[in-house]
Amino acid sequence: MALEEVSRRGLVLLGCGRMGTALLKGWLERGLAPGAVTVLDPAPADWLAEAGVRVNAALPADPAIAMIAVKPQMMGDALPALQALGNGRTLFVSIAAGTPIAQFEESFGSETPIVRSMPNTPAAIGKGVTAMIGNDAARAQDLDLAEELLAAVGSVVRLEREDQIDAVTGVSGSGPAYVFYMIECLAAAGEAQGLAPDLALELAKATVEGAGALAAGAAERPATLRDNVTSPNGTTQAGLAVLMDEGAGLAPLIARTVEAATARSKELANG
Ligand SMILES: NC(=O)c1ccc[n+]([C@@H]2O[C@H](COP(=O)([O-])OP(=O)(O)OC[C@H]3O[C@@H](n4cnc5c(N)ncnc54)[C@H](OP(=O)(O)O)[C@@H]3O)[C@@H](O)[C@H]2O)c1
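Residues numbered from 1 in each chain as written. Predicted model: local features only at pLDDT ≥ 70, side-chain atom pairs only at ≥ 80, totals over all residues. Heavy atoms only, no water.

1. Overview of the overall build of the protein
Regarding its fold elements, the protein presents 12 helices and eight strands. Along the first, second and third principal axes, the C-alpha atoms of the protein reach 65 × 40 × 35 Å. Considering the protein as a whole, with its 271 residues, one finds that 38% of them fall into the buried category. Long-range contacts, defined here as pairs at least 24 residues apart, represent 62% of the contacts in the protein between residues at least 6 apart. Split by element, the accessible area of the protein, about 14400 Å² in all, is 57% carbon and sulfur. Positive and negative charge centroids in the protein, built from 19 and 31 side chains respectively, lie 2 Å apart. (Helix = DSSP H or I, 4+ residues; strand = E, 2+ residues; numbered from the N terminus. Buried < 20%, exposed > 50% of the residue type's maximum accessible area, 1.4 Å probe, protein only. Contact = heavy atoms within 4.5 Å. Areas by Shrake-Rupley, 256 points an atom, 1.4 Å probe, with all protein chains shown as cover. Lys, Arg positive; Asp, Glu negative; His and termini not counted. Charge placed at Lys NZ, Arg CZ, Asp CG, Glu CD.)

2. Here we look at the pattern of salt bridges
Applying the stated criterion across every chain yields a total of nine salt bridges. A salt bridge links Asp62 to Arg89; its shortest N-O distance comes to 2.6 Å. Of this pair, Asp62 sits in the loop between β3 (54–55) and β4 (65–68) while Arg89 sits in the loop between α4 (75–78) and β5 (91–94), placing them 27 residues apart in sequence. The class of Arg89 is exposed, set by a relative accessible area of 51%. Between Arg158 and Glu147 there is a salt bridge; the shortest N-O distance is 2.5 Å. On the criterion of sequence distance, the pair formed by Arg158 in strand β8 (residues 154–158) and Glu147 in helix α6 (residues 140–151) is long-range, its members being 11 residues apart. Among the residues examined, Glu147 registers a relative accessible area of 25% and is labelled partly exposed. Three or more residues are tied together by salt bridges with common partners; here these are Glu5, Arg9, Asp62 and Arg89. (Salt bridge = Lys/Arg side-chain N within 4 Å of Asp/Glu carboxyl O.)

3. Digging into the pairing of strand β2 (residues 37–40)
Neither face of β2 is open: one carries Val37 and Val39, the other Thr38 and Leu40, and all of them are buried. Where strand β1 (residues 11–14) lies against β2, four bridges are found, and the strand directions are parallel. Paired with Leu13 across the two strands is Val39, which belongs to β2. With helix α2 (residues 18–29) bridging β1 and its parallel neighbour β2, the resulting β-α-β unit is right-handed. Both β2 and β3 contribute to a ladder of two bridges, which runs parallel. Bridge pairing in β3 links Thr38 to Arg54. (Pairing = 2+ DSSP bridges. Right-handed = clockwise from strand over helix to strand, strands pointing away.)

4. Examining the UniProt feature "domain: Pyrroline-5-carboxylate reductase dimerisation" (unreviewed entry) in the protein
As recorded in UniProt, the feature "domain: Pyrroline-5-carboxylate reductase dimerisation" (unreviewed entry) lies at residues 162–268. In this annotation, residues 162–268 is assigned 79% helix and 0% strand; the end-to-end C-alpha distance for the span is 14 Å. (UniProt positions renumbered as here; feature names shortened; annotations may be inferred.)

5. Focus on helix α7 (residues 164–173)
Residues Ile165, Asp166, Val168, Thr169, Gly170 and Ser172 constitute the buried set of α7. Those residues of α7 that are buried are in contact with β6 (114–118), β7 (128–134), α8 (175–192) and α12 (250–269).

Rendered as structure tokens:
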């Protein structure tokens, strides 16, 4: 339904880099009309115009959505391009890390409905997860529209407070990179044990895909699924003894990883 409304009224995408592309590809594949999309980007990819997307064209008068997908550091230069849309009818949706709602209200006025969100790149294949929160001007129908749009490319959670988004960024916004690194490490470790590189990578990717799908779909908690893999005194137990070491295992490492990403999100908000 959201994609129909947005196809009718239009969507402006400010910044079409890695994340803007992931979202846009997800929406186009799920039925968003390419001609309803206006991308503003200094170096747009060729596929956009080839797909029928309007590129660096005049803004539509009354688009449903103005999606902000530039880097936080570019915000000051980029936002004036959307000034004409700050009229209360267009819903602004930011996906930028570390850019507070207050900064958008300064640019577009506190009467403008604004949703701050944090998606992740699996949105490109409809498997993203996005957390979102609106400003005071965002009405129930604005929040519903944002949620439906983001839900077209994955699951959506609504936050209670804006400050939760820093930790969300540390967990799920940045999280795909941690998992990709896990795949790299698992494959490299397989190679170190004598497997050919292609085979090790194939095994690592399929294992993460399968375990992720199992964890997502199972009624059991991940700890139970882990127990199901672990035969007493077997191979997994030997491996987990290293991975679950209290001092040098994965838990403290992941805790420090998420803490650092969360802290960086807070820093970005302070300029
Ligand atoms: N990547 C992720 O996994 C992810 C996940 C969640 C949220 N985010 C957020 O999404 C935003 C974009 O991140 P990204 O990874 O997609 O970065 P990115 O790949 O650098 O994309 C940003 C795009 O904005 C363009 N741009 C720069 N100045 C602009 C301007 N004045 N007007 C319009 N477009 C402009 C850039 O063009 P040039 O490259 O030519 O400068 C680039 O194409 C960030 O705020 C980030 O925090 C990213």
